[in-house]
Amino acid sequence: MPTKEVRQLDRVIIRLAGDSGDGMQLTGDRFTSETAEFGNDLSTLPNFPAEIRAPAGTLPGVSSFQLHFADHDIMTPGDAPNVLVAMNPAALKANLADLPRGAEIIVNSDEFTPRAWQRVGYSSNPLEDGSLADYRVTAVPLTSMTVEALKDFDISKKDAERAKNMFALGLLSWMYHRPIESTIAFLEKKFAKNPEIAKANIAAFRAGYHFGETTEVFAVSYEVKPAALQPGTYRNISGNLALAYGLIAASQATGLPLFLGSYPITPASDILHELAKHKNFGVRTFQAEDEIAGVTAAIGASFGGSLGVTTTSGPGVALKSEAIGLAVMLELPLVICDIQRGGPSTGLPTKTEQADLLQAMFGRNGEAPVAIVAPRSPSDCFAMAIEAARIATKYRTPVFLLSDGYLANGSEPWLLPDVSALPDLRVDFATEPNHVADDGSRQFWPYVRDPETLARAWALPGTPGLEHRIGGLEKSDGSGAISYDPENHDRMVRLRQAKIDGIARDIPPLEVEDPDGNAELLVLGWGSTYGPIGAACRRVRARGLPVAQAHLRYLNPFPANTGEVVRRYRKVLIPEMNLGQLALLIRAKYLVDAISYDRVRGLPFKAAELADVITATIESIQE
Amino acid sequence: MTNDGSSNGQHRAGLAASLAGRAAYGNGRPAGLMSVPQGSTALAAKDFKSDQEVRWCPGCGDYAILAAVQGFLPELGVPRENIVFISGIGCSSRFPYYVETYGMHSIHGRAPAIATGLAVTRPDLAVFVVTGDGDALSIGGNHLIHALRRNINLTILLFNNRIYGLTKGQYSPTSELGKITKSTPMGSLDQPFNPVSLALGAEATFVARTIDSDRKHLTEVLRAAVAHRGASFVEIYQNCNIFNDNAFEVLKSPTTRDDYLIRLEHGQPITFGKNREKGVRWTASGTLEVCSGDDPSVVVHDAHHPDPTLAFALSRLAQPDLAMTPIGIFRDVDRPVYEDMLADQIEQAVARQGRGDLAALLASGDTWTIR
Ligand SMILES: Cc1ncc(C[n+]2csc(CCOP(=O)(O)OP(=O)(O)O)c2C)c(N)n1
Ligand code: SF4
Ligand SMILES: [Mg+2]
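None of the values given here were measured: they were computed from a predicted structure.

Undergrad: Go over the overall build of chain B, please, and point to the residues and values.
TA: Helix and strand counts for chain B come out as 12 helices and 12 strands. Taken along the three principal axes of its C-alpha coordinates, chain B extends 90 × 50 × 45 Å. Here chain B holds 371 residues, and 57% of them are scored as buried. When contacts within chain B are restricted to residue pairs at least 6 apart in sequence, long-range pairs at least 24 apart make up 66% of them. Surface exposure of chain B reaches about 14400 Å², of which carbon and sulfur atoms provide 53%. With 34 positive and 38 negative side-chain charges, chain B shows a separation of 3 Å between the mean positions of the two kinds.

As structure tokens, then:
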């Protein structure tokens, strides 16, 4: 075998695209696992259609998975792929516009029949008509080679064809020097019930690998050295999985059994699916009849001393609003996870957006303040789930956790936390009367507050002598009895607000990254834009322009130093995947003339795009 | 849990028979309270009166129901702290404020869902839902039917006054067709629900109807409802003397009630009239019809029959003018309870996977170590 050239790269962005039925997400997940195991830093971006199986070979049916991996730490799944694997003409057509000139394209030539390329609007075969001259195209008959490799297996032709994604994965694994043992083990496990299929898939995977090794079609393979990550044990984790694990960890830290009331909705359902698997942690998952029942059941569970959680997306939050207001009034802990998606209405169910901030902030009748936290990366969902539960239980309040489709499905390596170092978040329930009546009798008043946190006394049903009633009607300060007194209402409205505002004393300050120390522009973000903004700032600094970055993980209340931070810079730029919701809050609260940069395309920002916006903004200051 | 009463043949007259084949008071805990602790001190009705001033209109049927419930709770032998009343919104839903137990006055229509979250996490509590015809059947209809089909261990008391009381007199989903109210000056156009038929259609395992003014009957129904393990649905005809006065008068007045009411008693022939001169029997087409009280084919009531056909046919007897309105227990059958099955699954999961180990969970899947 001729020894082939091995070229060193510092990073690669690869996109796998095919029909929804082609198994691109699975292939991407496997390649990611191999890459993680190899020790690269990485970030992923799955992108799939809202339809479960749009007609095969059509543009709406294209599903893709992008992986960015590098020998250094990276913050995003990458703007433009260096490599596209296209399983059919539709996948080529749907993704070509994202490729820079010179990018490598590997296509499954078996699928480029006239019928298939005509179907997506090509008037000639793009592999032959020269239209791809700007790219390095390699046509590989993936399907027929897979079928050929599996001809001795006792499986149907259809099953053999299906294994073409494993052939492609094998080829890529060779091309990027990925370790392959974990994929073989994975396939054995996945198809344990059907050993012939397992063997066939493994054979296809190996065939792809060997094809790479032996064929002359590929003259070079690539090596991306492991990244210098902090020592420790890692795994790859998506935002939804990290969130589910965070809720379980929060249940252990608070000592409260976890109760999830939820109604299926993209992109939140996976949290329900995951938690349903962990009943051995005492987790109770309840698939409710609608989102209102999901949240109200969680409130009922909270009343009984569980950690009541509901998971949903924007349309579900709209339905839950009245119940969240009830929880504000009852002053019971409640965690509401909103995995945001494109809106309004059904909008773009499988795409990302961060346009529910104001809904979380204000989307209730009356003055109904709640705490809001927002993870900034997939693995940060773990930490922020614990934070949401900490704030909810300590302050007896609903807490919103705003994730989004990009965080939910995107993944990154995660340094496993030391579980013995989890905070102790146990709750001090009331067990004794806390009030002496005029006649000297001792009573329990459910709205007596802790002077520091303003949290009310919380007595669980089952506690003798502390029987009491709570409800949505305004209640008398202290006793909790129904009160229509005007002054009392004014006081209670302010107390509920002051309780939420006071959380600012109990959260970390907003950190600013300004390595040059002389930036005049601050780029402020929240949620899933952290990666793209961070990557963009690095590029801008590399151009010799100083820029500061700060990212809010707490949105209500803002960290105590937020006003001071935003006033410190001549200009504040706020990129958001909405029409300027954080900018509105910052401007209103701090009277700072923040500049909003917003795009709502259902896709995360690209680092290059933001870098240009930041550069232009800096230049406009200097003019 | 004891078996279905119909199998042991031990049928005594009256409502007591509903309890006979099931776990009854005295000889052990009723099934519905099996997981609820027993109190050591005897309580009286006054122990269940809260310090809140009751604010229903004078003469409202809700007073009678409150008094009956407060009079009945002591016999459960459950400590006050293990009883919870959850309500929605409406006049009826003010109920929890007046009972010295734990309670929650929640939002319109959602009480069954809140109670579900509480009951499935706290089997040591006796959980009651108090709701109105608007609360349970308009805005909260979805939660009601799902709580019933899941068979959550709840006792649901629906105060049916066939009107929206709290919002001052609009027609409700149980108002009779053509009802003239503020919102229907020319008469309502929508067919009312029959709450008992609805509950039966929703796979309810315990369905009963009673009347605010008949304390004895109300108490007997409550007793059976609490004894039942699973969702118990009790429709209580309640007079709103302000917006729908005398809605049930024909069922209450000594001159008419015997001809209008059919008192269902498990194991007894279904007869009515002053001298039990009327009865009901099956027709060839599978409905019930009135016959003579001594007709040999008079149907014997079987509340424990696994099939709800008889219960449903009985629920359809009631006429728009309330003639032939059955009260009592239509259906009382055993079916596994949601929270019991959930507890089972948790136990199984622990047995199979071991008690949850967080560190192991986080490290599940592919991991790699960097030194
Ligand atoms: C979301 C919402 N919509 C409407 C109302 C107004 N409202 C309060 S009680 C009620 C109807 C109550 O009727 P019912 O359940 O029959 O109770 P009743 O007062 O007759 O006991 C309505 C419409 C409300 N409180 N909340
Ligand atoms: S309005 Fe009717 S239901 Fe409401 S309290 Fe008055 S009488 Fe009772
Ligand atoms: Mg009513």
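From this point, the discussion proceeds with the structure in view.
Undergrad: Describe the site of ligand 1, naming the residues involved and giving the relevant values.
TA: All names here are of chain B. Taken together, the neighbourhood of ligand 1 is formed by 17 residues, with Cys91, Ser92, Asp133, Gly134 and Asp135 sitting nearest. Between ligand 1 and Asp133 there is a distance of 2.7 Å, counted from an oxygen atom to a side-chain nitrogen or oxygen. Measuring from an oxygen atom of ligand 1, one finds a backbone N or O atom of Ile163 at 3.1 Å. When ligand 1 sits alone it has 590 Å² of accessible area, and the protein chains cover 77% of it. With four residues, the top contributor of residues to the shell around ligand 1 is helix H4 (residues 133-139). Its residues placed into classes, the shell around ligand 1 shows six nonpolar, eight polar and three charged.

Undergrad: Which residues make up the site of ligand 2, and what are the values?
TA: If you check the shell around ligand 2, you find Trp56(B), Cys57(B), Cys60(B), Cys91(B), Asn161(B), Gln238(B), Cys240(B), Asn241(B), Ile242(B) and Phe243(B) and nothing else. Here the residues of the shell around ligand 2 are counted per class, giving seven nonpolar, three polar and no charged.

Undergrad: I'd like a description of the interface of chain A and chain B, backed by residues and values.
TA: The partner chain B presents 57 residues to the 72 residues of chain A that form the contact. Both faces considered, chain A and chain B share a buried interface measuring about 5300 Å² in area, 62% of it formed by carbon and sulfur atoms. Residue Arg150(B) pairs with Glu289(A) through a salt bridge whose shortest N-O separation is 2.8 Å. For the interface between chain A and chain B, the tally reads 30 residue pairs in polar contact (both at pLDDT 80 or more).

Undergrad: Tell me about the sheet that holds strand S2 (residues 11-19) of chain A, residues and numbers included.
TA: Residues and elements named next belong to chain A. Pairing is mixed across the open sheet formed by six strands, whose spatial order is S3-S4-S2-S5-S6-S7. What marks the edges here is a single partner per strand, and that holds for strand S3 (41-47) and strand S7 (136-140). On average, each strand axis in the sheet is tilted by 15 degrees relative to the strand beside it, whichever way the strands run. Relative to S7, strand S6 (residues 104-108) runs parallel, the two being bridged by five bridges. Residue pairing in the sheet places Val107 in a bridge with Ala139 of S7.

Undergrad: Let's hear about the coordination of the magnesium ion (ligand 3): which residues, and what values?
TA: All names here are of chain B. The protein atoms that coordinate the magnesium ion (ligand 3) are Asp133 (OD), Asn161 (OD1) and Ile163 (O), at distances spanning 2.1 to 2.2 Å. In the primary sequence, the donor residues of the magnesium ion (ligand 3) line up as D-x27-N-x1-I. Here Asp133, found in helix H4, pairs with Ile163, found in the loop between strand S4 (155-160) and helix H6 (195-201); they are 30 residues apart in sequence, far enough to count as distant. For Ile163, a relative accessible area of 2% puts it in the buried group.

Undergrad: I'd like to hear about the pairing of strand S8 (residues 220-224) of chain A, residue by residue, with values.
TA: Residue and element names in this part refer to chain A. The element S8 is largely enclosed, with a buried count of four among its five residues. With five bridges connecting them, strand S1 (residues 5-9) and S8 associate as parallel partners. Bridge pairing in S8 links Gln8 to Glu223.

Undergrad: Describe the nonpolar core, with residues and values.
TA: In terms of nonpolar packing, the biggest core is built from 163 residues, with Ile299(A), Leu524(A) and Leu582(A) touching the most fellow members. One finds Leu67(A), Val85(A), Ile155(A) and Ile202(A) within the second-largest nonpolar core, a separate group that totals 49 residues.

Undergrad: Talk me through unusual backbone geometry; I want residue IDs and the actual numbers.
TA: In this structure, the amide linkage connecting Thr266(A) to the following residue, Pro267(A), adopts the cis form with an omega of 0 degrees. For the peptide bond that leads from Gly343(A) to Pro344(A), omega is 0 degrees, which places it in the cis range. When you line up the elements, Pro344(A) lands in the loop between strand S13 (334-340) and helix H13 (357-362). Although it is not a glycine, Leu591(A) sits at a positive phi angle of roughly 50 degrees. Tracing the sequence through the fold places Leu591(A) in the loop between helix H19 (581-590) and strand S25 (595-598). One non-glycine residue with positive phi stands out, namely Met324(B), at about 60 degrees. Looking at the element boundaries, Met324(B) is found in the loop between helix H10 (309-315) and strand S11 (325-332).

Undergrad: So what about the pattern of salt bridges? Which residues, and what values?
TA: Counted by the stated rule, this structure contains 46 salt bridges over all chains. Note that Arg390(A) and Asp506(A) form a salt bridge whose closest N and O atoms lie 2.8 Å from each other. One end of the pair, Arg390(A), is in helix H14 (residues 380-395); the other, Asp506(A), is in the loop between helix H16 (486-502) and strand S20 (512-513), and 116 residues separate them in sequence. What makes Asp506(A) partly exposed here is its relative accessible area of 23%. Note that Asp214(B) is salt-bridged to Arg263(B), the shortest N-O span being 3.1 Å. Of this pair, Asp214(B) sits in the loop between strand S5 (206-211) and helix H7 (215-227) while Arg263(B) sits in strand S7 (residues 261-263), and the two are 49 residues apart along the sequence. Judged by its relative accessible area of 30%, Arg263(B) falls in the partly exposed class.

Undergrad: So what about the side chain of Asn125(A)? Which residues, and what values?
TA: Relative to the assigned elements, Asn125(A) resides in the loop between helix H3 (114-119) and S7. Setting aside residues no more than four positions away along its own chain, Asn125(A) makes contact with Phe112(A) and Trp117(A).

Conventions and cut-offs
Residues numbered from 1 in each chain as written. Chains lettered and ligands numbered in written order. Predicted model: local features only at pLDDT ≥ 70, side-chain atom pairs only at ≥ 80, totals over all residues. Heavy atoms only, no water. Helix = DSSP H or I, 4+ residues; strand = E, 2+ residues; numbered from the N terminus. Buried < 20%, exposed > 50% of the residue type's maximum accessible area, 1.4 Å probe, protein only. Contact = heavy atoms within 4.5 Å. Areas by Shrake-Rupley, 256 points an atom, 1.4 Å probe, with all protein chains shown as cover. Lys, Arg positive; Asp, Glu negative; His and termini not counted. Charge placed at Lys NZ, Arg CZ, Asp CG, Glu CD. Near = heavy atom within 4 Å. Polar contact = N/O pair within 3.5 Å; in protein donor to acceptor, adjacent residues only side chain to side chain. Nonpolar A, V, L, I, M, F, W, Y, C, P; charged D, E, K, R; others polar. Buried area = accessible area lost by both parts, 1.4 Å probe. Salt bridge = Lys/Arg side-chain N within 4 Å of Asp/Glu carboxyl O. Pairing = 2+ DSSP bridges. Axes fitted to C-alpha atoms, helices over the stretch in contact; angles between N-to-C directions. Donors = N, O, S within 2.8 Å, 3.2 Å for Na, K, Ca; no water. Core = buried A, V, L, I, M, F, W, Y, C linked by side-chain atoms within 4.5 Å.

Take it as geometry only, folks, not as evidence of what the structure does.
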